[in-house]
Amino acid sequence: MSGKRSVTVTLDGSNKSTSLPLMSGTLGPDVFDIRKIYNDLGVFTFDPGYGSTASCDSRITFIDGDEGILLYRGYPIEQLAEQSNFLEVCYLLLNGELPNAAEAKEFELGVMRHTMLHEQLRTFYNGFRRDAHPMAVMCGVVGALSAFYHDSLDVHDPESRRISAFRLIAKVPTIAAWAHKYAVGQPFIYPRNDLSYAENFLHMFHAVPAEDYKMNPVLAKAMDLIMILHADHEQNASTSTVRLAGSTGANPFACIAAGIASLWGPSHGGANEAVLKMLADIGHVKNVPAFLEDVKDRNNHAKLMGFGHRVYKNYDPRAKIIQKACHDVLNELGIKDDPLLDLAMELEKIALNDKYFVDRKLYPNVDFYSGIILKAMGFPTSMFTALFAVSRTVGWVSQWKEMMEDPQQRIGRPRQIYIGAPRRDYVPASKRG
Ligand code: ACO
């Protein structure tokens, strides 16, 4: 990865200088290796929000934000969305290659064998208020898996890591579906391993013991697609959180619980829920111009939720795919005139032509549409981010596993510029002014 090229940095006013090697990946811009900058120059680098910093090397996901490209292990998201299925994508993300038929079968059996939760975990739910947010329940229950599966906690053992990966991918749908059942006061529905991953989730979420649940294949396909689109997204906030937690040697269940907490925020995975809230607040197409003026007012903290992305400065390729799926689902469900969708379309049209958004390269991201499609599929708004967490678990686990297998791995520990008070002596309370 390190080539012959380098950049020489000389510290003004001193005789200190260093040569920083330039590193190249398979795709994407080159990066300077700054690891010896402190030793050679006695300075750190400053990059709040890490906008210019590569925190690791990775073989899993590639994004070109200017061109709107997203690749999982080299495969374009458009092709995976069209031709693959979620469990195959899970195999790909975890193992690096698409499975042959026998490998796919074995993997599916491996995952689906772990879909049940330890029965004692049922009682764990009773400790939550009924109105607890599903993400709060998920943080708690996923973290609690560490207390139930002691036999796969050795992070240095490849077999333990493999089993934990299966357990996490298999159990998060059950945990999320049960968070919903608990909230609405319905009996928990146990997983069914004869169904596909997406179908099993829909079944656990929607079915009730009193009647048969009829699976709608269009909705099952849409669910599978939504899961594929959200499966991984390289070093975003929640993935970096998982890696940072994992870098300390923390067990994988604790690390994924940390990732869920990070995903929850409205700037990240919480945006799909926030989009729906925003549309409800706007209320009517006629209020769109006034709302956009609010968003553009710098004294205001309002944002156009579902717009903008740290990396995509052209378009989010996932948004294009999900926009089409959104129309398919609404057609299937016979939703011809959905006022929320009309409002979203109008908002999108106006924003895409508005100088403020054009100048800042702000385009709709995946969350602009995912909330609308999930609402049409019968999910309450509070479940949107939990569904994102279900889909992203495989990405988190793959990134955690890659890090644990990386011989260069060290504890993550950023530095800072200290701007607080200089050293001073303690003043007894009686002598303070
Ligand atoms: N609405 C209005 N203005 C925006 C928006 C928005 N959604 N997003 C960015 N801007 C403005 C900023 O205020 C800033 O303006 P300025 O240059 O006048 O100061 C400019 O665009 C650049 O934005 P940054 O804040 O530098 O962008 P950053 O990369 O830090 O933030 C983020 C990216 C957090 C996604 C932001 O665009 C945002 O908050 N969007 C809304 C929330 C959202 O949809 N999040 C989902 C992201 S996708 C995902 O996690 C799956």
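Attention in this report is confined to the structure presented alongside it.

For the rest of this paragraph, the subject is the pairing of strand 5 (residues 69-72). The pairing of strand 4 (residues 61-64) with strand 5 spans 4 bridges and is antiparallel. Bridged to Asp64 within strand 5 is Ile69. In sequence, strand 4 turns back onto strand 5 through a hairpin of 4 residues, with Gly68 there showing a positive phi of about 70 degrees. The sheet contact formed by strand 5 and strand 6 (residues 75-76) spans 2 bridges and is antiparallel. Bridge pairing links Leu71 to Pro76 in strand 6.

With that out of the way, let us pick up the packing of aromatic side chains. Evaluated as defined, the whole model comprises 18 aromatic pairs. On the numbers, 5.0 Å between centres and 40 degrees between planes, the contact of Phe86 with Tyr197 is tilted. With a gap of 111 residues between them, Phe86 in helix 3 (residues 86-95) and Tyr197 in helix 8 (residues 197-206) connect regions that are remote in the sequence. Grouping residues by exposure puts Phe86 and Tyr197 together as buried.

The next subject is the pattern of salt bridges. Going through the model one piece at a time under the given rule, you end up with 19 salt bridges. Asp316 serves as the salt-bridge partner of Arg318, at 2.9 Å between the closest nitrogen and oxygen. Grouping residues by exposure puts Arg318 and Asp316 together as buried. Its salt-bridge partner being Asp328, residue Lys324 comes within 3.0 Å of it at the nearest N-O pair.

Attention now moves to the sheet that holds strand 6. Note on sheets: strands pair through backbone hydrogen bonds, and any given pair is parallel or antiparallel. Spatially, the 3 strands line up as an open sheet ordered 4-5-6, and their pairing is antiparallel. For this open sheet the edge positions go to strand 4 and strand 6, each flanked by a neighbour on one side alone.

Another point: empty space enclosed by the protein. Per the stated rule, a full pass over the model turns up 1 cavity of 30 Å³ or more. Considering only enclosed or pocket space, the largest cavity measures out at about 30 Å³ in volume. Those elements that place two or more of their residues in the lining of the largest cavity are helix 17 (366-376) and helix 18 (384-404). No other element matches helix 18, which puts 4 residues into the lining of the largest cavity. Among the residues forming the lining of the largest cavity, the class breakdown is 5 nonpolar, 4 polar and no charged.

On to helix 10 (residues 237-246), then. Of the positions making up helix 10, those classed as buried are Ser238, Thr239, Val242, Arg243 and Gly246. Mapping the buried residues of helix 10 onto a view down its axis gives an arc of 140 degrees, with all of them on the same face. For helix 10, the elements touching its buried residues are helix 11 (252-263) and helix 18.

Moving on, we come to the site of the ligand. By nearness alone, 20 residues border the ligand, and Leu304, Gly306, Phe307, Arg310 and Tyr356 come closest of all. Here a nitrogen atom of the ligand sits 2.9 Å away from a polar atom, N or O, in the side chain of Tyr356. With the chains in place, 76% of the 920 Å² that the ligand exposes on its own is no longer accessible. For the shell around the ligand, the per-class residue count stands at 9 nonpolar, 6 polar and 5 charged.

What follows concerns helix 6 (residues 134-144). Along helix 6, 8 of the 11 residues are buried, which leaves the element largely enclosed by surrounding structure. The complete set of buried residues in helix 6 reads Pro134, Met135, Val137, Met138, Cys139, Val141, Val142 and Ala144.

Turning our attention to the environment of Val329. Locating Val329 in the fold gives a position in helix 14 (residues 317-332). The buried category is assigned to Val329, whose relative accessible area is 1%. Considered as a pair, Val329 and Pro289 are 40 residues apart in the sequence and their alpha carbons are 29 Å apart. Sequence-distant contacts of Val329, defined by excluding residues within four places in its chain, comprise Leu219, Ala222, Ile373, Ala376 and Met377.

Here the focus is the packing of helix 8 against helix 9 (residues 217-229). Interhelical geometry of helix 8 versus helix 9 gives an angle of 110 degrees and a closest axis separation of 8 Å. As summarised for this structure, helix 8 and helix 9 are arranged roughly perpendicular, according to the angle between their axes. Along this stretch, helix 8 crosses helix 9, giving a crossing that reads as right-handed. Residues Tyr197, Ala198, Glu199, Phe201 and Leu202 of helix 8 pack against Leu219, Ala220, Met223, Asp224 and Met227 of helix 9. A breakdown of the residues in the contact of helix 8 with helix 9 according to their chemical character gives 8 nonpolar, no polar and 2 charged.

Taken together, Phe46, Ile417 and Ile419 make up a surface patch of nonpolar side chains, about 410 Å² in accessible area. Mapped onto the fold, Phe46 is located in the loop between helix 1 (37-41) and strand 4. The exposure class of Phe46 is exposed, given its relative accessible area of 61%.

Further remarks concern the side chain of Ser160. Within the element layout of this structure, Ser160 appears in helix 7 (residues 158-184). With a relative accessible area of 6%, Ser160 lands in the buried category. In contact with Ser160, other than residues within four places in its own chain, are Asp151, Ser152, Leu153 and Asp154.

This brings us to unusual backbone geometry. Here the phi dihedral of Arg73 falls at roughly 50 degrees; this positive angle occurs in a residue that is not glycine. Positive phi is not limited to glycine here, since Glu234 has a value of about 40 degrees. The topology assignment puts Glu234 in the loop between helix 9 and helix 10.

Turning our attention to the side chain of Asp33. Mapped onto the elements, Asp33 comes out in the loop between strand 3 (31-32) and helix 1. Overall, the relative accessible area of 12% leaves Asp33 in the buried class. Among the polar contacts made by the side chain of Asp33, one reaches the side chain of Arg35 at a distance of 2.9 Å. The contact partners of Asp33, leaving out residues within four places of it in the chain, are Leu20, Pro21 and Met23.

Here is what the cut-offs are and how they apply
Residues numbered from 1 in each chain as written. Predicted model: local features only at pLDDT ≥ 70, side-chain atom pairs only at ≥ 80, totals over all residues. Heavy atoms only, no water. Pairing = 2+ DSSP bridges. Helix = DSSP H or I, 4+ residues; strand = E, 2+ residues; numbered from the N terminus. Phe/Tyr/Trp six-rings, centres within 6.5 Å; stacked < 30°, edge-to-face > 60°. Buried < 20%, exposed > 50% of the residue type's maximum accessible area, 1.4 Å probe, protein only. Salt bridge = Lys/Arg side-chain N within 4 Å of Asp/Glu carboxyl O. 1 Å grid on protein atoms, 1.4 Å probe; cavity = no way out; pocket = protein on both sides within 12 Å on 5 of 7 lines; lining within 4 Å. Points joined across faces, edges and corners; volume = space filled by probe spheres on them. Nonpolar A, V, L, I, M, F, W, Y, C, P; charged D, E, K, R; others polar. Arc of directions from axis to C-beta. Contact = heavy atoms within 4.5 Å. Near = heavy atom within 4 Å. Polar contact = N/O pair within 3.5 Å; in protein donor to acceptor, adjacent residues only side chain to side chain. Areas by Shrake-Rupley, 256 points an atom, 1.4 Å probe, with all protein chains shown as cover. Axes fitted to C-alpha atoms, helices over the stretch in contact; angles between N-to-C directions. Parallel < 35°, antiparallel > 145°, perpendicular 65-115°, else oblique. Left-handed = near helix turned anticlockwise from the far one by under 90°. Patch = residues over 30% accessible without salt bridge, like charges linked within 9 Å, V, L, I, M, F, W, Y side chains within 5 Å.

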